[in-house]
Amino acid sequence: QVKANDRSFHEQPQFKTNAIRTYKYNVFTFLPLNLFEQFKRVANFYFLILLILQTIPQITTLAWYTTLVPFLLVLGVTAIKDLVDDVTRHKMDNEVNNRTCEVIKDGRFKVAKWKDIQVGDVIRLKKNDFIPADILLLSSSEPNSLCYVETAELDGETNLKFKMALEITDQYLQRENALATFDGFIECEEPNNRLDKFTGTLFWRSSSFPLDANKILLRGCVIRNTDVCHGLVIFAGADTKIMKNSGKTRFKRTKIDYLLNYMVYTIIVVLILLAAGLAIGHAYWEAQVGNYSWYLYDGEDATPSYRGFLSFWGYIIILNTLVPISLYVSVEVIRLGQSHFINWDLQMYYAEKDTPAKARTTTLNEQLGQIHYVFSDKTGTLTQNIMTFKKCCINGQIYGECKPLLDHPVSGGLDVAPVDFSWNIFADGKFAFYDHYLIEQIQSGKESEVRQFFFLLAICHTVMVERIDDQLNYQAASPDEGALVSAARNFGFTFLARTQNTITVSELGTERTYNVLAILDFNSDRKRMSIIVRTPEGNIRLYCKGADTVIYERLHQMNPTKQETQDALDIKQIFANETLRTLCLCYKEIEEKEFAEWNKKFMAASVASTNRDEALDKVYEEIEKDLILLGATAIEDKLQDGVPETISKLAKADIKIWVLTGDKKETAENIGFACELLTEDTTICYGEDINEVREQQVVSSYNKKIIAWSYFAFSGNFTFWKKTSHKLLMSPWEGIDGDDKASVSCSSMRHSVKKEQQQQNFVDLACECSAVICCRVTPKQKAMVVDLVKRYKKAITLAIGDGANDVNMIKTAHIGVGISGQEGMQAVMSSDFSFAQFRYLQRLLLVHGRWSYIRMCKFLRYFFYKNFAFTLAHLWYSFFNGYSAQTAYEDWFITLYNVLYTSLPVLLMGLLDQDVSDKLSLRFPGLYVVGQRDLLFNYKRFFVSLLHGALTSMILFFIPFGAYLQTMGQDGEAPSDYQSFAVTIASALVIAVNFQIGLDTSYWTFVNAFSIFGSIALYFGIMFDFHSAGIHVILPSTFQFTGTAANALRQPYIWLTIILTVALCLLPVIAFRFLSMTIWPSESDKTDFRLRSEARKRLKAEEQWKHRQKVFRRGVSSRRSAYAFSHQRGYADLISSGRSIR
């Protein structure tokens, strides 16, 4: 309930203030809240527990800073990122809350800040002002209180929408004093997020008036082309519809994310088992050796089992690096970099509209390399969504073919000149039409239906018009509607102006104004719109346009042109063969008495407080019947550039493409041929053949050739192409509605089970097809189809679309791609990735997706390898120290290993590595299958990495251990002390793991080489610094390896040991890689071999072409410089530029 100009009434708690708050923290809450959020992550909480354990003297085996330093780094990086984001939100909130507008206070309009506005305030807005809250339009400076708004911030659409005030408020609430004394009372719906819905009633002057969305101005919109308007605040602040829609989008995670979490859990289990085993070993050792060794007495009389218990926690601390603390932060850095590479890709930049590709999320990049199914909208996605009026069928006659004037015949072979519209002062000059006979029919007036046809196009719509420099400019809600009104304008029936109750049309130069009695608007369920007008002669007439399926159900039985029009649409398929979009047009004469009775029901439904939309639809049905068919329009929507090539490339990459469209099956089928989703050898089975096809499938199932399938519950037509040895099958299906509600009875359980089985069978059959086209589907059914494939096939799905009707599908798929097209930006704003043309999808998947997947898999495998190689040295060392949880390295080395010594090379590999170039990725789409089959990162690969790390750690420990036994240095001193041993293992480890990443790198750049050798140099520089006497003097308890590095590494024997250890770590890997490339080559290796073979064949062909018969000449040497023969251009540029074929 809202009372106008009553601030005291709206100070109750249920009414929100208009101040908005999108930020999460303030100065006092940032630290505690941010830390709380970070510790909700299992990994962070795990390391917090470890840090606490390290502060307990009895069990700690590592200095507290070994965990604290990397832990603080991880928390700090995340906190800084969150802080930067939140500071930006603070600035935006302050900017918005401190905007100003005029509010009535003390009987006058006064300037007030947005944050001080309350529900019930009457406000004044001017041209180009942002709307501060959801307000009821009371009046404006435009005739009939029209108000034009731009909704770009709300739904991304830049075309203007119009709103219109109630007639009574327009009449009485224009002046300031009238607005100040306005005391209307409004009952309306609760605050919600439905942008296109509003239900309410205004009680004023002892009357009630219905309110709908057309009278509401929403926060976030901008006033355009209207000097002044006045409104009453209905919802404020967090209750506004735009704020209700700004809730968190469903968080999407990649397949690798889920796998990674399970692998971390596996590592934690391994860690606990290792610690438990070593603790048992320590307890046994203490019982057998430790208690009887006087030199080990520590003054504490503890039992072996208690010492084993303490050893368990000590090993939990030592082995904690099995779970890499910096893994998650590194993954986020790599994903952020890969997202920027997508944003910076000039080959996905559409210069015509200045639209670059945009990664709107940074968490899904590698998932782009694992797509199995692409679900695509048709209109605006595969096609351009730029509509052109091409043909029409009027009174059974088809117009639009190239026909010359009767008195100016054209000889064969010459082009027909376009129709001359110079006789029409309102013609826009851009419209091209080639059927001169239609113009003759309009001008002669012999067939009244022809004029009636174009008059219907000029009057039955919701287009707005404005005059700019004496030129008409139409603002249409959809490209279809704009094309139809523009066509009518060029043919002489020009829409000129509209008010709340009238519409003015120029009919072949004669202006006539019609009273609008009712507009029965379009929605996706009705699939039609109607307008009821009173002609200047006093007659009442209904005009309707809509989809042929709904129009034909409502036609009068005595329709003279029904069959001819249906022939054009269905039997002859003249329009569908050219992939034209069709609408049927019809009208109806209404008696005064009939309209009066219907209007009462219409007004009652308009003010219904509950289920208003359903009540209105029911009333609309009563009047939209017994219609007289005039004909049908046909609009062309051309394919985008590069669509067939893109679909072909994706098909070769084993990506299955499903087209989901609301068009009829003939149009969808022809689009399938146009974009080469289908070929000419297709055998088509239509709906009436389904039973026969089903029987064949059942029979085939007995021969184990195909799984039997059954009928699926959907109301759309589903068109399938199944590749067999000889043909392709296409089946349009019609069934019960997708959101069918089973009645609650004893059979409802059986119904549910049957429906589940039908869905399973549908998915099984459809997924065997090479391509699927679903026609006549609603936006909700698009999302349901995607969800079924996700649910039953566990396949990675991608949905791509350009309009508001694709948003549900885009949000449902694993990855949503929005195309910034002609239908606004709703799809883009709901998407994970966006670009301007469908053809860019092949580069997004085959190049960026594939690279991202390969890089992430290499990164993760190497990360686990290097951490196991590093950590398991403690395990082998424990066999020689009584399982006493003694570390094998210096504490500072443990602290900096993941942070400095091995971090940069692996990050750069995750950002820059390429197994083949982008051109080869597109040239050989078959390379894409590695991601679909999860070949590069799975549990097998994970355990191979762990085994590799474990073997490396054995070599790193036992080779130096054997070398140190009974060793004497050059100076006569034995170097086999613990600290020298630790330095030797650490040095060999850093060199081995950095060289290993060199072996794993496919794409070498200067940056990669610098990071590898730079990391090794950094290790030695820091180590010598930390082992110096100067730093020991400052912090003697923290830096205890004084002089160790200098003493140990001046021995050639130690360097030989390090070289031998590194060689033994790497040589088996090199040998195995060679054998793998020879015996089990990957797809990349096969491509490399194919390219080399092609290059050799090309070179051989050129040599044969150049070959001449040798002529023996006495005294002339036959020797030639080998270099002289290699004058043909080689691979120098390729190598120096870094564009390696591997």
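Residues numbered from 1 in each chain as written. Predicted model: local features only at pLDDT ≥ 70, side-chain atom pairs only at ≥ 80, totals over all residues. Heavy atoms only, no water.

### Describing the overall build of the protein chain
We count it as follows: Strands are runs of DSSP state E lasting at least 2 residues, helices are runs of H or I lasting at least 4, and numbering of each runs from the N terminus. Throughout, exposure labels follow a simple rule: accessible area from a 1.4 Å probe, protein chains only, divided by the maximum for the residue type, with under 20% read as buried, over 50% as exposed, and the rest as partly exposed. Note on contacts: a residue pair qualifies if any of its non-hydrogen atoms lie within 4.5 Å across the two residues. Note on areas: Shrake-Rupley with a 1.4 Å probe; residue coverage comes only from the protein chains shown.
The helix and strand inventory of the protein chain stands at 39 helices and 33 strands. The buried share of the protein chain, taken over its 1142 residues, is 52%. Within the protein chain, contacts between residues at least 6 apart in sequence are counted, and of these 72% link residues at least 24 apart. When the accessible surface of the protein chain is summed, it comes to about 54100 Å², and 57% of that surface belongs to carbon and sulfur atoms.

### Quick word on the packing of helix H2 (residues 42-54) against helix H9 (residues 304-318)
Note the cut-off: Inter-axis angles, ranging from 0 to 180 degrees, are taken between N-to-C directions of lines fitted to C-alpha atoms, where helices are fitted over the stretch in contact. Orientation is classified from the angle alone, with under 35 degrees giving roughly parallel, over 145 giving roughly antiparallel, 65 to 115 giving roughly perpendicular, and any other angle giving oblique. When the near helix sits turned anticlockwise from the far one by under a right angle, the crossing is termed left-handed; a clockwise turn instead gives a right-handed crossing. Note that Gly is not counted as nonpolar here; it falls among the polar residues with everything else outside the nonpolar set of Ala, Val, Leu, Ile, Met, Phe, Trp, Tyr, Cys and Pro and the charged set of Asp, Glu, Lys and Arg.
Packing of H2 against H9 brings their axes to within 10 Å, and their N-to-C directions diverge by 125°. With respect to their mutual orientation, H2 and H9 come out oblique. Here H2 and H9 pass one another in a crossing that is left-handed. Seen from H2, the contacting residues are Leu50, Leu53 and Gln54; seen from H9, they are Trp313, Ile316 and Ile317. Of the residues belonging to the contact of H2 with H9, the class tally is 5 nonpolar, 1 polar and no charged.

### Here we look at a nonpolar patch on the surface
The test is simple: Exposure above 30% relative accessible area and the absence of a salt bridge qualify a residue for a patch, where like charges join within 9 Å and nonpolar side chains (Val, Leu, Ile, Met, Phe, Trp, Tyr) within 5 Å. A pairing counts as a salt bridge when a side-chain nitrogen of Lys or Arg comes within 4 Å of a carboxyl oxygen of Asp or Glu.
A surface patch of nonpolar side chains, about 630 Å² in accessible area, is lined by Val42, Tyr258, Tyr262, Tyr265, Tyr939 and Phe943. Elements with a minimum of two residues in the nonpolar patch: helix H8 (255-288) and helix H32 (939-964). Looking at which element gives the most residues to the nonpolar patch, the answer is H8, with 3 residues. Structurally, Tyr939 can be placed in helix H32.

### Thoughts on the nonpolar core
Stated precisely, the cut-off is as follows: Take the buried Ala, Val, Leu, Ile, Met, Phe, Trp, Tyr and Cys residues and link them wherever side-chain atoms come within 4.5 Å; each set so joined is a nonpolar core. An automatic or database domain assignment supplies the residue ranges for each domain.
In this structure, Phe859, Leu860, Phe864, Tyr889, Phe893 and Leu989 are the most contacted members of the largest nonpolar core, which totals 104 residues. Residue contributions to this core reach at least three from each of two domains, namely domain 2 (30-96) and domain 4 (853-1085). Those residues in contact with Leu989 that sit more than four places away from it in its chain are Ala869, Phe870, Tyr889, Phe893, Tyr897 and Leu956.

### Thoughts on the UniProt feature "active site" (unreviewed entry) in the protein chain
Convention followed: UniProt positions are given in the numbering used here, feature names are shortened, and annotations may be inferred rather than shown by experiment. What qualifies as a polar contact is a pair of N or O atoms within 3.5 Å, subject to a donor-acceptor requirement within protein and to the restriction that residues adjacent in sequence count only when both atoms come from side chains.
The UniProt record annotates "active site" (unreviewed entry) at Asp377. Within the secondary structure layout, Asp377 lies in the loop between strand S15 (373-376) and strand S16 (388-394). If we skip the residues at most four places from it in the chain, Asp377 touches Leu382, Leu660, Lys782, Ile800, Gly801, Asp802, Asp806 and Met809. Within polar-contact distance, the side chain of Asp377 engages the side chain of Lys782 at 3.1 Å.

### A short note on the sheet that holds strand S7 (residues 160-164)
Picture the strands of a sheet paired through backbone hydrogen bonds; they go either parallel or antiparallel. To be explicit about the condition: Strand pairing is assigned whenever DSSP detects at least two bridges linking the two strands.
As summarised here, the arrangement of the 3 strands in space is S7-S6-S12, forming an open sheet in which the pairing is antiparallel. Among the strands making up the open sheet, the edge pair consists of S7 and strand S12 (222-224). On average, each strand axis in the sheet is inclined to that of its neighbour by 45°, with strand direction left out of account. Here strand S6 (residues 146-150) pairs with S12 via 3 bridges, running antiparallel. What sits directly across from Tyr148, in S12, is Arg224.

### Points about the packing of aromatic side chains
Spelled out, the test is: Ring pairs are drawn from Phe, Tyr and Trp, using the six-membered ring of Trp, whenever the two centres fall within 6.5 Å, and their geometry is named by plane angle: stacked under 30 degrees, edge-to-face over 60, tilted for the rest. Criterion for a charge above a ring: Arg CZ or Lys NZ at most 6 Å from the ring centre, at most 35 degrees from the ring normal.
What the rule picks out here adds up to 66 aromatic pairs. Relative to Trp204, the ring of Phe182 lies with its centre 5.0 Å away and its plane at 85°, an arrangement referred to as edge-to-face. Separated by 22 residues along the polypeptide, Phe182 in the loop between helix H6 (176-180) and strand S8 (185-188) and Trp204 in strand S9 (residues 200-204) bring together distant segments of the chain. Per residue, the accessibility class of Phe182 equals that of Trp204, and both read buried. Look at Tyr889 and Phe893: their rings are 5.2 Å apart centre to centre, the planes differ by 45°, and that puts the pair in the tilted class. Taking the relative accessible area as the measure of exposure, Tyr889 reaches 0% and is therefore buried. One aromatic cluster is present, formed by Trp876, Tyr877, Phe879, Phe880, Tyr883, Phe957, Phe958, Phe961, Tyr964, Tyr978, Phe981 and Phe1041 through successive ring pairs. The ring of Tyr172 is capped by Arg205, whose NZ or CZ atom sits 3.9 Å from the centre of that ring.

### A few points about the state of the cysteines
Among covalent bonds in proteins, the disulfide is the one between the sulfur atoms of two cysteines. Going by this rule: What counts as a disulfide here is a pair of cysteine sulfur atoms lying within 2.5 Å.
Counting across every chain of the model gives 0 disulfides. Free of any disulfide, Cys392 has its nearest cysteine sulfur in Cys393, 7.8 Å distant. In this structure Cys460 is not part of a disulfide, and its nearest cysteine sulfur, from Cys544, lies 6.4 Å away.

### Details of a negative patch on the surface
Here is the rule we go by: Neither His nor the chain ends is counted toward charge; the positive residues are Lys and Arg and the negative residues Asp and Glu. Charged side chains are reduced to one point each, which is NZ for Lys, CZ for Arg, CG for Asp and CD for Glu.
Together, Glu352, Asp641, Glu645 and Glu676 make up a region of like negative charge exposed at the surface. By the secondary structure assignment, Glu352 is in the loop between helix H10 (327-343) and strand S14 (358-359). Assessed through its relative accessible area of 67%, Glu352 is described here as exposed.

### Details of the pairing of strand S32 (residues 815-819)
The element S32 is largely enclosed, with a buried count of 5 among its 5 residues. Here S32 shows a buried face lined by Ile815, Val817 and Ile819 and a second buried face lined by Gly816 and Gly818. The sheet contact formed by strand S31 (residues 797-801) and S32 spans 4 bridges and is parallel. Considered in S32, the bridge of Leu798 is made with Ile815.

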